[in-house]
Amino acid sequence: MPYNVDAIFQIAGIGIIVAMLHTVLKQMGKEEYAHWVTLIGFIVVLFMVVVLVEDLFQTIKNVFLFS
């Protein structure tokens with residue numbers, strides 16, 4: 001069964017972009033916006049993980065014939 005690592009790279013990319021934006025905004029003195037960017041990035045990644053966990057549970061359900 002091949003593993004799909006695209007989601008891992010997407011999450012890592014979002015993390016890098018959010019970290020860069022947070023640093024730039026904090027250096028500009030816009031700390032409130034920096035915190036909002038971090039929070040929005042966290043929420044986006046959280047929804048991505050929820051979708052992946054849902055797929056995992058669906059696969060487990062199909063493997064053990066609970067459908």
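- Going by what an unreviewed UniProt entry lists, the chain is known as Stage III sporulation protein AC and is assigned to Kroppenstedtia guangzhouensis.

## Topic: helix H1 (residues 6-27)
- A rise of 1.5 Å per residue sets the reference length of H1, with its 22 residues, at 32 Å; its end C-alpha atoms lie 32 Å apart and thus fit the reference within 8%.
- Taken together, the buried positions of H1 are occupied by Ala7, Val18, His22 and Leu25. When H1 is viewed along its axis, its buried side chains cluster within an angular range of 70° and face the same direction. In H1, the exposed positions angled more than 90 degrees off the buried face are occupied by Ile8, Phe9, Ile16, Ile17, Met20 and Gln27.
- Just past H1, the residue Gly29 takes up positive phi, approximately 90°.

## As for the environment of Leu46
- Turning to its location among the elements, Leu46 is positioned in helix H2 (residues 31-63).
- The exposure class of Leu46 is partly exposed, given its relative accessible area of 44%.

## A few points about the packing of H1 against H2
- Direction vectors running N to C along H1 and H2 enclose 170°, while the axes themselves pass 8 Å from each other. As the angle between them shows, H1 and H2 are arranged roughly antiparallel. Between H1, through Ala7, Gln10, Ile11, Ile14, Val18, Leu21, His22, Leu25 and Lys26, and H2, the contact on the second element is made entirely by Glu31, Tyr33, Ala34, His35, Val37, Thr38, Gly41, Val44, Val45, Met48, Val49 and Leu52.
- A class-by-class count of the residues in the contact of H1 with H2 yields 14 nonpolar, five polar and two charged.

Conventions used here
Residues numbered from 1 in each chain as written. Predicted model: local features only at pLDDT ≥ 70, side-chain atom pairs only at ≥ 80, totals over all residues. Heavy atoms only, no water. Helix = DSSP H or I, 4+ residues; strand = E, 2+ residues; numbered from the N terminus. Expected span 1.5 Å × (residues − 1). Buried < 20%, exposed > 50% of the residue type's maximum accessible area, 1.4 Å probe, protein only. Arc of directions from axis to C-beta. Axes fitted to C-alpha atoms, helices over the stretch in contact; angles between N-to-C directions. Parallel < 35°, antiparallel > 145°, perpendicular 65-115°, else oblique. Contact = heavy atoms within 4.5 Å. Nonpolar A, V, L, I, M, F, W, Y, C, P; charged D, E, K, R; others polar.

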